[in-house]
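If you want the building blocks of each chain, they are given just below.
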Amino acid sequence: MTSNDKYQPRPEHKFSFGLWTVGNRGRDPFGDFVRPLLSPPELVDLLGEVGAWGVNLHDNDLVPIDATPAEHDKIVRDFKKACEKNNIVVPMATVSLFFHPVFRDGAFTANDPNVRAYALQKTMRAMDLGAELGAKIFVLWGGREGTETDSCRNPADAVKHLREAVNYLCEYNTAQKYGYTFALEAKPNEPRGDIYMSTTGHYLAFIPTLDHPEMVGVNPEVAHETMAGLNFLHGVAQAWESGKLFHIDLNDQYPGRYDQDLRFGSANLKSNFFLVKFLEEVKYSGPRHFDAHAYRTENYEGVKDFARGCMRTYLMLKEKAEQWRADKEIQAILKEVTSGNSSIPKTGKYSKDGASALLAHNFDKDAMMKKRLPYERLDQLTIDILLGTR
Ligand code: GCO
Ligand code: MN
Ligand code: MN
């Protein structure tokens, strides 16, 4: 065993990449493609080579929007062969409701009822495709569900239309016996000026209003919450705590910028450390999906470096998290700061007597105030561990 083997990705790590991530050719709003087109089977070969477990796709990453049924069948056959050859599974499927110009005003929330119906049809067909490939998670990212000007519609109507669409798709899922769970992905803006469901928290509030809330959860993305200036971990933790963390999009992002889709852990090492620590501590068992892409300066060798880097950084942070948990000084601090005085009345679940006792109790605020909260030390210990000096 070489010293690097412990950072080698293995199937049980459940690392997945979208076809659109390693297949990203570096086109941006200002400049053209820098990498040649690779076919889906070639991209699966690349993922096999770097040691990924899964590949995810939008319908049209694999099957062109106007493919004939015969073309569809051949493409799917070849793709499945490539997956089998490389021992790669398709854990998640999704639908492009943003690329074609027909969606310029949104998909499920577009003003034109024809567009809304077409969006449903396209999503149902994408669900058929995902089911054919064995996917059990279906991501919905409403990149075009938003506005540049709020003169165009009442935003409450947009929420109603979105609810109607997700309800419809849940019924289709049941009727077809696909067994999908849906994972809703929020983003504050880009490509629209403003997107309606701007944060994971918005979706967590939306889901209980659905006909089948049990079928629907969230797919938080590091970059998206960071763009909104939020603490990603806090959103993920709330999703987890409410049983709604159905998928996760890992990448990295500097705040206050366009969507950068950077290699996981390459921008905010410390916050991604806490994220990995959380996912591992709660034993999140879903895919670790990297929704990111290589720098535009790279060729496909660099794309492999990028993909390997995402997985390696995750595994290194996982190791650091284990070290952090095993650290006696850290554990002693945590124990100390969470301990209390056993003579205080019990809180937790309300009771009339308990409330009377609590109201009658005399708290020693001075003593409480003097208790040390050595978070400077705690954070520095974290930094020492991250920098490898502890
Ligand atoms: C983005 C999004 C997408 C979605 C993908 C899945 O900002 O472009 O993150 O990459 O995750 O479309 O639906
Ligand atoms: Mn994104
Ligand atoms: Mn994403």
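About the cut-offs
- Residues numbered from 1 in each chain as written.
- Chains lettered and ligands numbered in written order.
- Predicted model: local features only at pLDDT ≥ 70, side-chain atom pairs only at ≥ 80, totals over all residues.
- Heavy atoms only, no water.
- Phe/Tyr/Trp six-rings, centres within 6.5 Å; stacked < 30°, edge-to-face > 60°.
- Helix = DSSP H or I, 4+ residues; strand = E, 2+ residues; numbered from the N terminus.
- Buried < 20%, exposed > 50% of the residue type's maximum accessible area, 1.4 Å probe, protein only.
- Donors = N, O, S within 2.8 Å, 3.2 Å for Na, K, Ca; no water.
- Tetrahedral: all angles 85-135°; square planar, octahedral: opposite > 155°, others 65-115°.
- Expected span 1.5 Å × (residues − 1).
- Polar contact = N/O pair within 3.5 Å; in protein donor to acceptor, adjacent residues only side chain to side chain.
- Near = heavy atom within 4 Å.
- Areas by Shrake-Rupley, 256 points an atom, 1.4 Å probe, with all protein chains shown as cover.

Visitor: Which residues make up the packing of aromatic side chains, and what values do they have?
Guide: Per the counting criterion, the structure on display carries 15 aromatic pairs. Relative to Phe 290, the ring of Phe 264 has its centre 5.9 Å away and its plane inclined at 50 degrees; by these criteria the two rings are tilted. Taken together, the residues span a long stretch of sequence, with Phe 264 in the loop between β9 (249-250) and α10 (269-281) and Phe 290 in strand β10 (residues 288-290) at a distance of 26 residues. According to the relative accessible area criterion, Phe 290 is buried, its value standing at 0%.

Visitor: Lay out the coordination of the manganese ion (ligand 3) in plain terms, naming residues and giving numbers.
Guide: Only Glu 185 (OE), Glu 221 (OE), Asp 249 (OD) and Asp 291 (OD) from the protein reach the manganese ion (ligand 3) as donors, at distances of 2.0 to 2.2 Å. Taken together, the six donor atoms coordinating the manganese ion (ligand 3) and their angles of 82 to 178 degrees define a geometry best described as octahedral. All donors to the manganese ion (ligand 3) come from one chain, and their sequence spacing reads E-x35-E-x27-D-x41-D. Taken as an interatomic distance, the gap from the manganese ion (ligand 3) to the manganese ion (ligand 2) is 3.8 Å; Glu 221 donates to each of them. Residue Asp 249 is located in strand β9, and its partner Asp 291 is located in the loop between β10 and α11 (300-326); the two are separated by 42 residues in the primary sequence. Just as Asp 249 is buried, Asp 291 falls in that class too.

Visitor: Explain the coordination of the manganese ion (ligand 2) to me, using residue names and the numbers behind them.
Guide: Protein ligation of the manganese ion (ligand 2) involves Glu 221 (OE) and His 224 (NE2), the donor distances falling in the range 2.1 to 2.2 Å. Assessed through its relative accessible area of 1%, Glu 221 is described here as buried. The buried category is assigned to His 224, whose relative accessible area is 3%.

Visitor: Now, about helix α5 (residues 113-132): what can you tell me, with residues and values included?
Guide: Taking 1.5 Å per residue, 20 residues should reach 28 Å; α5 reaches 29 Å between its end C-alpha atoms and fits that length. The opening residue of α5, the one whose side-chain oxygen lies 2.8 Å from the backbone nitrogen of Asn 114, is Asp 112. With its phi angle positive at about 90 degrees, Gly 134 sits one or two positions after the end of α5.

Visitor: So what's going on with the site of ligand 1? Which residues, and what values?
Guide: Surveying the vicinity of ligand 1 reveals 13 residues, the closest of which are His 58, Glu 185, Lys 187, Glu 221 and Asp 291. Between ligand 1 and the protein, one listed contact pairs an oxygen atom with a side-chain N or O atom of Trp 20 at 3.3 Å. Here Asp 249 contributes a side-chain N or O atom positioned 3.1 Å from an oxygen atom of ligand 1. Starting from 340 Å² of accessible surface for ligand 1 in isolation, the protein chains cover 92%.

Visitor: Got a sec to walk through unusual backbone geometry? Specific residues and values, please.
Guide: Put simply, Glu 190 and Pro 191 share a cis peptide bond, and its omega is 10 degrees. Inspection of the secondary structure assignment puts Pro 191 in the loop between β6 (181-185) and β7 (194-195). Notably, Asn 87 is not glycine yet its phi reads approximately 60 degrees, a positive angle. Positionally, Asn 87 belongs in the loop between α4 (69-86) and β3 (92-94). The exposed category is assigned to Asn 87, whose relative accessible area is 67%. Its identity as a non-glycine residue notwithstanding, Lys 283 has a phi of 60 degrees, on the positive side. Mapping Lys 283 onto the fold places it in the loop between α10 and β10. Note on Lys 283: relative accessible area 66%, which makes it exposed.

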